[in-house]
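What the coordinates show
Listed here are the chains, written in short residue letters.
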Amino acid sequence: MKTPFVIITLAIGANASSAAVAKDGEFFATAELSAGRDVVPADIIENGIDQDRIASVVESEIRLGYDLGPLLLDFGADIAVYPEDSRFNRYAFGPGLRADFPLGNNEATKLRLGAEYQYVLGEDGRVFDRPRAEAQLIHRHSKEHTTTGRLRYGFRNQSEDRFTGFDQSEWLAELRHNWRPDGGPTSFNISLLGLKHDAEDNRFSYTGYGFRLVGSTALAEKLTGFARFSVVQRDYEDNFSSLYPVNRSDTHIRATAGLDYQAWDQVSIFTEAGYVSNASNIPVRDFDGFVGRLGLRFSLESR
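Keep in mind the model is a prediction, meaning the values are calculated, not measured.

Turning next to the pairing of strand S14 (residues 287–301). With ten bridges connecting them, strand S1 (residues 26–39) and S14 associate as antiparallel partners. Directly across from Glu-32, in S14, lies its bridge partner Arg-297. Note that strand S13 (residues 267–280) and S14 share twelve bridges and pair antiparallel. Directly across from Ser-268, in S14, lies its bridge partner Arg-297. Count of turn residues in the S13/S14 antiparallel hairpin: six residues.

Right under this line is the structure:
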């Protein structure tokens, strides 16, 4: 899973697609290729004080799917390559499905069930695998307002070759409201979040809560502006380490804004930039800095 795989996957991504809207019974493919700076994966344990938690990254994401109306099947492959430190490199793939079940005659309310499986590799082999299942109850009040309640469960099976105790059950509860003024393209989302991760080693277990705001609007015929802001508090259940014998507590804040330009029928260019802060009582997990990316999206669908 070295450099040749990275080059091949990037090449496929550059010739595939992203942001397609498929109709019933249609095949679609989506892809995205980007480069920038972001927070590194959390499953690398280091002992030193001087740690960079934000690094340069090149990412590619590919989705292949078939839309059957109430049922959607897909298969995804993602890569993230960190030129500064290959230990953070990730190569992920896996299938997923989603099914919608209308509740009532007017179809204003529906139950959405989904499941997926993800297998993640690093430069030294398997990092983890994770099955997930979720249920959403979606109610459309009007053309302007939609409310969604969501519950997701996953189990992360971490490779014991890296370190032990990171296997964990992962719960996410979300209450989200979407507002589209006059039913138009402008959209605002607000979400309340609850998290519970229960790991084999309690120093990795935590309870979390927070909120997320997302907005987008058309700025011109082919130009869309968007912004995201989130705050999540995580309180851990045991001492972080022998060097830091206190329960870890983090406040994670992320704010970004960006532009999306539809350059051609199946290709768009996007950029996003902002700031991330993880205020922690553990020095090696306390960081802040610039995050951002520049990339291309491609789209392809059967006609």
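With that settled, the discussion passes to the nonpolar core. Val-40, Ile-44, Ala-55, Val-57, Ala-80, Tyr-82 and Phe-88 form the largest nonpolar core, which has seven residues in total. Every residue in contact with Val-40, bar those within four places of it in the chain, is listed here: Asp-52, Arg-53, Ala-55, Tyr-82 and Phe-88. In this structure, Leu-193, Leu-195, Tyr-206 and Tyr-236 belong to the second largest nonpolar core, which totals six residues.

As enumerated under the stated definition, the model contains eight aromatic pairs in all. Here the aromatic rings of Trp-179 and Phe-188 are separated by 5.5 Å at their centres, their planes lie at 25 degrees, and the arrangement is stacked. The lysine or arginine in question, Arg-87, covers the ring of Phe-88, its NZ or CZ lying 5.6 Å from the ring centre. It is Arg-297 that lies over the ring of Phe-270; its NZ or CZ is 4.1 Å from the centre.

Glancing now at the pattern of salt bridges. For the coordinates displayed, the defined rule picks out 21 salt bridges. Here Asp-38 ties to Arg-254 by a salt bridge, and the two come within 3.0 Å at their closest N and O atoms. Of the two residues, Asp-38 sits in strand S1 while Arg-254 sits in strand S12 (residues 247–264), which places them 216 residues apart along the sequence. Linking Arg-130 and Glu-170 is a salt bridge whose minimum nitrogen-to-oxygen distance equals 3.2 Å. Note that Arg-130 is positioned in strand S6 (residues 125–140) and Glu-170 in strand S8 (residues 168–179), a separation of 40 residues in sequence.

Bringing unusual backbone geometry into the picture now. Positive phi values are uncommon outside glycine, yet Glu-107 reaches one of about 60 degrees. By the element assignment, Glu-107 lies in the loop between strand S4 (90–103) and strand S5 (109–122). Assessed through its relative accessible area of 56%, Glu-107 is described here as exposed. Positive phi is not limited to glycine here, since Asp-182 has a value of about 60 degrees. Summarising the element assignment, Asp-182 is placed in the loop between S8 and strand S9 (187–199). Owing to a relative accessible area of 61%, Asp-182 belongs among the exposed residues under this scheme.

Topologically, Ala-255 is positioned in strand S12. Expressed as a C-alpha distance, the spacing of Ala-255 and Phe-290, which sit 35 residues apart in the sequence, is 9.9 Å. Apart from the residues lying within four places of it in its own chain, the contact partners of Ala-255 are Arg-228, Phe-229, Ala-273, Gly-274 and Tyr-275.

Moving on, we come to the pairing of strand S10 (residues 206–218). Note that S9 and S10 share eleven bridges and pair antiparallel. The residue bridging Leu-193 from the neighbouring strand is Gly-210, located in S10. Joining the antiparallel neighbours S9 and S10 is a turn of six residues. One ladder, built from 13 bridges, connects S10 with strand S11 (residues 223–239); its direction is antiparallel. By the bridge assignment for S11, Arg-212 is matched with Ser-230. Between S10 and S11, which follow one another and run antiparallel, lie four residues.

Position of Asp-250 among the secondary structure elements: in strand S12. With relative accessibility at 2%, the residue Asp-250 sits in the buried group. Ignoring anything within four residues of it in the chain, the contact list for Asp-250 reads Val-232, Gln-233, Arg-234, Tyr-236, Asn-278, Ala-279 and Ser-280.

How each quantity is defined
- Every chain's residues receive numbers from 1 upward, in the order its sequence appears when written.
- Confidence filtering applies because this is a predicted model: local features only for residues at pLDDT of at least 70, side-chain atom pairs given and counted only at 80 or more, and all residues used for totals across whole chains, interfaces and linings.
- Hydrogens and waters are ignored; side-chain quantities use all the structure's heavy atoms.
- In this description, strands pair whenever DSSP reports at least two bridges between them.
- Working definition: helices are DSSP H or I runs of at least four residues, strands are E runs of at least two. Numbering for both runs from the N terminus.
- Side-chain atoms within 4.5 Å are what join buried Ala, Val, Leu, Ile, Met, Phe, Trp, Tyr and Cys residues into a set we call a nonpolar core.
- Residue burial is assigned from relative accessible area. The probe radius is 1.4 Å, only protein chains are included, and a residue is buried under 20% of its type maximum, exposed over 50%, and partly exposed in between.
- Whether two residues touch is decided by their heavy atoms; if any such pair falls within 4.5 Å, the residues are in contact.
- Side-chain rings of Phe, Tyr and Trp, where Trp is taken by its six-membered ring, are said to pair if the distance between their centres is within 6.5 Å; with planes under 30 degrees apart they count as stacked, over 60 as edge-to-face, and otherwise as tilted.
- Remark: a charge is flagged as sitting over a ring if the NZ atom of Lys or the CZ atom of Arg is within 6 Å of the ring centre and within 35 degrees of the ring normal.
- Definition used for salt bridges: Asp or Glu carboxyl oxygen within 4 Å of a side-chain nitrogen of Lys or Arg.

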